[in-house]
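Analysis of the macromolecular model
Here's the letter readout for the chains.
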Amino acid sequence: MPKSAYIGRFAPSPTGPLHAGSLVAALASWLDARAHGGTWLVRIEDVDTPRCLPGMDALILQQLAACGLHPDAPPTYQSQRGPRYQQALDQLVASGWAYPCACSRKEIEIACAALGQVRGRNAELVYPGTCRSGLLGRPARAWRLRTDAFKENWPPALIPSAQAAIKSIVDGVLTWHDRQLGLQQQNLPKEVGDFVLRRADGLWAYQLAVVVDDAAQGITHVVRGQDLADNTPRQIWLQQALGLPTPQYLHTPLVLGPNGEKLSKQNGAQALDVAQPLAALNAAAQVLGLAACGGDVASALAQWVGQWKCK
Ligand code: GLU
C-alpha cells in the first residue's frame, strides 16, 4: 500500500472509451505513482456535460481495471464539485484576479481583427481584455482570469500569492520545468490572454476545475498527455492566484493516428480492446520507452514499475 507523500491521478473526460493514446497517460501516471510508492487516484472530468456520454465513466473504469490499473480510492466526479468551483471563483473575484465578461464570440473576433490579431495557440483568439475595466452596462456572460498581473496597472495585490505570481513571470513569460520536456516557457498574456473560468453557458472551464481539484486532492505529481502541456502555465498561474501549491508535471508522448494527428476520441480512435489487455499495455509501454513484457498483466506491470524507477 502507498506510503510516500506522492499523490498522482489519471483524469479522463468521459467523452469516449479509453484508447491507445489515453492508455499511455493512464499507464504512465500509474507507474509513476507506484514507482514513488505513492497513491494513485482517478478523477472523472465530467464538467463539459454536453460532451460527456452516459456510461462512459463506468466503461473507462472497467478498461483500467482490465489493465490492472486500480485506483487507491473510489473515483471522484467533477460534476459534483460545482460549489467548490464557485468558491474559488468568488475568491478570485474578491481579490481582483477574475472579472465578468460580456463579450460574445463575434465581438471578440471583431475586436481582435481591429487589433490585427492572428489566431494564437490552438487557433484560439487572445482575448483583448475588453471587459477588464467593466461591462459598460452589458450583462455578464463568462468569467475570466487576468493574465496581465505583471503590468504596472495591476491593482495592489489583495492576497499575498499575487506577489509571488507577479515575481514568477518576467515580461509575461511564465517558465516551468517539465520532467519529460525540460524547461518550458509561455507568454501568457500574449499567447493565451485572459482566459475563461466559467463559460457563457454556465459550465465550469477545465482550467478552473482541474486546478481546484488537483489542490483539493493533494496532487503532488501530474502525469498526462503532451497535448495538455500548453495548459500548464494557465494552471500554474491560476494556482498562484488562488494561493495553491504547484505539482510537478510530466507530459507523456502522444500516439499519432494514421493521419499523423494526435490519436483522439474526436478523430475516431478505436476503443481499447479489454480482451487483450497485455497487448494494449505493451503498446503503451513501448511509447513510454519500456521493454515489452510477456506473462500476465500483473507481472508485466511489476516489471515496468522496476524499469520506471531506473528512469
Ligand atoms: N480530462 C482531461 C482529458 O481527458 C485531462 C486533464 C488532465 O489530466 O489534466 O484530456
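Up top is the structure.
Just so we're clear, the structure is a prediction, and the values are computed from it rather than from any experiment.

Okay, the site of the ligand next. Arg9, Ala11, Pro12, Ser13, Glu45, Tyr206, Val210, Arg224 and Leu228 make up every residue found near the ligand. Between the ligand and the protein, one listed contact pairs a nitrogen atom with a backbone N or O atom of Ala11 at 2.7 Å. Take Glu45: an N or O atom from its side chain is 2.6 Å from a nitrogen atom of the ligand. When the ligand sits alone it has 300 Å² of accessible area, and the protein chains cover 81% of it. Here the residues of the shell around the ligand are counted per class, giving five nonpolar, one polar and three charged.

Tracing the chain through its elements places Asn231 in the loop between β10 (221-225) and α8 (232-242). The buried category is assigned to Asn231, whose relative accessible area is 10%. The spacing of Asn231 and Gln207 is 24 residues in sequence and 7.6 Å in space, taken between C-alpha atoms. Not counting the four nearest positions on each side in its chain, Asn231 is found in contact with Tyr206 and Gln207. A polar atom in the side chain of Asn231 sits 2.6 Å from the side chain of Gln207.

Moving on: the packing of helix α9 (residues 277-287) against helix α10 (residues 297-309). Packing of α9 against α10 leaves a shortest axis separation of 10 Å and a crossing angle of 15 degrees. Accordingly, the angle class assigned to the pair α9 and α10 is roughly parallel. For the pair α9 and α10, the sense of crossing is left-handed. Here Pro277, Leu278, Leu281, Asn282 and Ala285 of α9 lie close against α10, whose contacting residues are Val297, Ala300, Leu301 and Trp304. Of the residues belonging to the contact of α9 with α10, the class tally is eight nonpolar, one polar and no charged.

Calculation rules
Residues numbered from 1 in each chain as written. Predicted model: local features only at pLDDT ≥ 70, side-chain atom pairs only at ≥ 80, totals over all residues. Heavy atoms only, no water. Near = heavy atom within 4 Å. Polar contact = N/O pair within 3.5 Å; in protein donor to acceptor, adjacent residues only side chain to side chain. Areas by Shrake-Rupley, 256 points an atom, 1.4 Å probe, with all protein chains shown as cover. Nonpolar A, V, L, I, M, F, W, Y, C, P; charged D, E, K, R; others polar. Helix = DSSP H or I, 4+ residues; strand = E, 2+ residues; numbered from the N terminus. Buried < 20%, exposed > 50% of the residue type's maximum accessible area, 1.4 Å probe, protein only. Contact = heavy atoms within 4.5 Å. Axes fitted to C-alpha atoms, helices over the stretch in contact; angles between N-to-C directions. Parallel < 35°, antiparallel > 145°, perpendicular 65-115°, else oblique. Left-handed = near helix turned anticlockwise from the far one by under 90°.

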